[in-house]
Amino acid sequence: MSVTFLRTIILYILVVTGLRIMGKRQIGEMQPSELVVAIMISDLATIPMQDIGIPLMSGIIPIFTLIITEILLSALSLKHRKFRHFITGKPSVIIHNGKVLKKEMKKNRFNTDDLREQLRIQGYTKTENIHFAILETNGQLSIIPKKGRSPCTPADVEKIIKEERNKK
Amino acid sequence: MKSVISAALMLIFIIVTISVSYVHTDKVTSELLAKMNANEKNVAKNDWKTAKDEIYEIKRIWNKERNFFFLISDHALSEAVDESVEKLIYSVEFHKTDAFFDEAGTAKLRVKTIAEQQKFSFPNLF
């Protein structure tokens, strides 16, 4: 039991250190490759944690290898645009000038229900009000509304109230 | 930049660890196998005195490297070698030739498996 306890602490420190070395991006929104690395690291750490028959090294070496690969790929992505596009992909325009681009949606296996859901979450009910909807490489949908069609903000309300007051 | 330096240091650590463990495993397992072969020859010649000295030498080498093997290979396999060495000692102490040869074959196979598992080879890779 004491061995399991110590092994867990060692692996915990290792994984936390690894994620810290990989940087803040890992903790926030993940790119596909980062998600894969995070899942693999967590899985690799739990196996030698539970099974004391497996040498700790067979968990440590692959975890270190994944961290190194991830850091090196990130460094390369930073320098080379083409390489970055290869690893993370390119953003896709799903809606352009209110028109839904079915071909792009099909390419990204993004269905109309997903699109409607994302639009509702961001406060849009009609595609006509959208200038651009871009499916980002991390799977999030960015929406750029047409001029004057963006959802009302507290600043807008304040402006209207001021205008009303001035009229009076 | 700090991340890249950390990655480079980790890469050096991994390369050194793998190289050292590979070289050391190869050296120790070759030595153990050579001693086991010599031991078998002496048992075949009924030279039990020399065989006894040799088997205790094998045990000494194994005990010295035991922790290292537990660090790099499957614990069950290292425990199996522990058991085999004890059985070999028993067979040599009580002059049990058949039991000795049975166990010697198993012990050699186990030591070879430890060495084989660390090698950079096609079957290991896939």
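Look up: the structure comes first, before these words.
Here we summarise the structure given alongside this text. Only a predicted model underlies this, so the values are computations on that prediction, with no experimental measurement involved.

## What to know about the overall build of chain A
For step 1, the next point in the chain: Assigned secondary structure in chain A consists of seven helices and four strands.
For step 2, the next point in the chain: Each helix and strand of chain A, ordered N terminal to C terminal, gives the series α-α-α-α-β-β-α-α-β-β-α.
For step 3, the next point in the chain: Looking at chain A as a whole, 29% of its 168 residues qualify as buried.
For step 4, the next point in the chain: Put simply, chain A shows about 11600 Å² of open surface, and 61% of that area lies on carbon and sulfur atoms.

## Observations concerning helix H1 (residues 2-44) of chain B
For step 1, the next point in the chain: The end-to-end C-alpha distance of H1(B), which contains 43 residues, comes to 62 Å, matching closely the 63 Å that a straight helix rising 1.5 Å per residue would cover.
For step 2, the next point in the chain: Positive backbone phi, approximately 60°, marks B:Asn46, located one or two places after H1(B).

## Comments concerning the nonpolar core
For step 1, the next point in the chain: Of all hydrophobic cores here, the largest spans 25 residues; its most connected members are B:Leu32 and B:Phe69.
For step 2, the next point in the chain: If one sorts the elements of this core by residue count, helix H2 (residues 48-72) of chain B sits on top with nine residues.
For step 3, the next point in the chain: Apart from the residues within four sequence positions on either side, B:Phe69 is in contact with B:Thr25, B:Val28, B:Thr29, B:Trp62, B:Ser78 and B:Ile114.
For step 4, the next point in the chain: A:Ile21, A:Ile41, A:Ile61 and A:Phe64 belong to the second-largest nonpolar core, a separate cluster that totals 21 residues.

## Let's talk about the pattern of salt bridges
Residues and elements named next belong to chain B.
For step 1, the next point in the chain: Tallied over the entire structure, the rule returns ten salt bridges over all chains.
For step 2, the next point in the chain: Among the salt bridges present, the one from Glu93 reaches Lys52, with a minimum N-O distance of 3.7 Å. Highlighted residues: Glu93 in helix H3 (residues 75-93) and Lys52 in helix H2, separated in sequence by 41 residues.
For step 3, the next point in the chain: Of the residues examined, Glu93 reaches a relative accessible area of 31% and is grouped as partly exposed.
For step 4, the next point in the chain: One salt-bridge network, held together by shared partners, links Glu83, Lys87, Glu103 and Arg110.

The rules behind each value
- Residues numbered from 1 in each chain as written.
- Chains lettered and ligands numbered in written order.
- Predicted model: local features only at pLDDT ≥ 70, side-chain atom pairs only at ≥ 80, totals over all residues.
- Heavy atoms only, no water.
- Helix = DSSP H or I, 4+ residues; strand = E, 2+ residues; numbered from the N terminus.
- Buried < 20%, exposed > 50% of the residue type's maximum accessible area, 1.4 Å probe, protein only.
- Areas by Shrake-Rupley, 256 points an atom, 1.4 Å probe, with all protein chains shown as cover.
- Expected span 1.5 Å × (residues − 1).
- Core = buried A, V, L, I, M, F, W, Y, C linked by side-chain atoms within 4.5 Å.
- Contact = heavy atoms within 4.5 Å.
- Salt bridge = Lys/Arg side-chain N within 4 Å of Asp/Glu carboxyl O.

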